[in-house]
Amino acid sequence: MPKRVDHEERRAEIADALVRVAGRRGLHAVGMRDVAAEAGVSLRLVQYYFETKEKLLLYGLQHLTDRFTSRVGARLAAAGPEPGSAPGSRPGPRAMAEALLLASLPTDEESRTFHLLYTSYAILSVTDEALAAQPFIDNPDAAEDALAGLIGQAQDAGLADPGADARTEAIGLLAMAAAMGTSILVGQRGPESATAVLRHHLDRIFTPPAAASEGRSAAPGRS
């Protein structure tokens, strides 16, 4: 009996090959023949599933986004619940915010490839007519909404600065993470330094009012 082909799995395998070869050579330099060779399949098969390079690139972008979502989920699972929480509790808003931001920093080969290719997609979506005709991101405000929501949750629970503007802080943190990622890629800054800067700003936002007050009272020169 002939083996049944899982077409979605085959598409994912080809998209993985696109990510690998583009991570080495740059997205702009990748052709369908290169992807076929990397995947170990024929050029005709790649064309059967995607027809054009533009369709392959668009599918690759979604595939890359799905991998990033899985990476955030893995970081959340590793973070565990807040100290003092009941066993099995979800991570708190601070831990979730940190997982979302740090997952995008190029601290290992997979995240380096993600940051490099995501930046390349953004540039190509401006200059390539076929890609420009499609939305670069289906929901461009998703990460911003999620991060602002986490800050709002922490404020409601008394776990963050109540005077902070959640939306503005979310925008600033995401912009900072993107810029830090690029600075790591070009060798300006190391991953540890970038992580420390992001955590510094998270500490500033996610400091309960009582703890902040105690810190000021304990500072030298205070009565």
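Just so you know, these numbers come straight off a predicted model, no measurement behind them.

Chemist: Describe the overall build of the protein, listing the residues and the values that go with them.
Modeler: When helices and strands are counted, the protein shows 11 helices and zero strands. Going from the N terminus to the C terminus, the protein shows its helices and strands as α-α-α-α-α-α-α-α-α-α-α. A burial count over the protein gives 35% of its 223 residues as buried. Sequence separation of 24 or more characterises 63% of the internal contacts of the protein that already satisfy a separation of 6 or more.

Chemist: Can you tell me about the environment of Arg24, naming the residues and giving the values?
Modeler: Among the structural elements, Arg24 can be located in helix 1 (residues 7-25). Here the side chain of Arg24 touches Glu38 through a polar contact of 2.7 Å, side chain to side chain.

Chemist: Any chance you could break down the packing of helix 4 (residues 53-79) against helix 5 (residues 93-102) for me, citing the residues and the numbers?
Modeler: Two elements in contact, helix 4 and helix 5, have axes whose closest approach is 9 Å; the angle formed by their N-to-C orientations is 140°. Taken together, the axes of helix 4 and helix 5 lie oblique to each other. Crossing of helix 4 against helix 5: the hand is right-handed. Along the contact surface, helix 4 presents Phe68, Val72, Arg75, Leu76 and Ala79, while helix 5 presents Ala95, Met96, Ala99, Leu100 and Leu102. Tallied by class, the residues present in the contact of helix 4 with helix 5 amount to nine nonpolar, no polar and one charged.

Chemist: Got a sec to walk through the nonpolar core? Specific residues and values, please.
Modeler: Membership of the largest hydrophobic core comes to 52 residues, with the highest contact counts inside it found for Leu18, Leu27, Val35, Leu56, Leu147 and Phe206. When residues of this core are assigned to their parent elements, the largest contribution, seven residues, is made by helix 4. Setting aside residues no more than four positions away along its own chain, Leu18 makes contact with Leu27, Val30, Val35, Leu56, Leu57, Gly60 and Tyr121.

Chemist: Tell me about the pattern of salt bridges, residues and numbers included.
Modeler: Evaluated as defined, the whole model comprises 16 salt bridges. The partner of Lys55 in a salt bridge is Glu51, with the nearest N and O atoms 2.6 Å apart. For Lys55, a relative accessible area of 43% gives the class partly exposed. You can call Glu51 exposed: its relative accessible area is 52%.

Chemist: Mind laying out the packing of aromatic side chains, listing which residues take part and the relevant values?
Modeler: Using the criterion set out here, one finds four aromatic pairs in the structure. Relative to Tyr49, the ring of Tyr48 lies with its centre 5.0 Å away and its plane at 75°, an arrangement referred to as edge-to-face. With relative accessibility at 57%, the residue Tyr48 sits in the exposed group. We classify Tyr49 as buried; its relative accessible area is 9%. Ring centres of Phe68 and Phe114 lie 4.7 Å apart, and the angle between their planes is 10°; on these two criteria the pair is classed as stacked. One end of the pair, Phe68, is in helix 4; the other, Phe114, is in helix 6 (residues 109-127), with 46 residues separating them in the sequence. For the pair shown, Phe68 and Phe114 are each scored as buried.

About the criteria used
Residues numbered from 1 in each chain as written. Predicted model: local features only at pLDDT ≥ 70, side-chain atom pairs only at ≥ 80, totals over all residues. Heavy atoms only, no water. Helix = DSSP H or I, 4+ residues; strand = E, 2+ residues; numbered from the N terminus. Buried < 20%, exposed > 50% of the residue type's maximum accessible area, 1.4 Å probe, protein only. Contact = heavy atoms within 4.5 Å. Polar contact = N/O pair within 3.5 Å; in protein donor to acceptor, adjacent residues only side chain to side chain. Axes fitted to C-alpha atoms, helices over the stretch in contact; angles between N-to-C directions. Parallel < 35°, antiparallel > 145°, perpendicular 65-115°, else oblique. Left-handed = near helix turned anticlockwise from the far one by under 90°. Nonpolar A, V, L, I, M, F, W, Y, C, P; charged D, E, K, R; others polar. Core = buried A, V, L, I, M, F, W, Y, C linked by side-chain atoms within 4.5 Å. Salt bridge = Lys/Arg side-chain N within 4 Å of Asp/Glu carboxyl O. Phe/Tyr/Trp six-rings, centres within 6.5 Å; stacked < 30°, edge-to-face > 60°.

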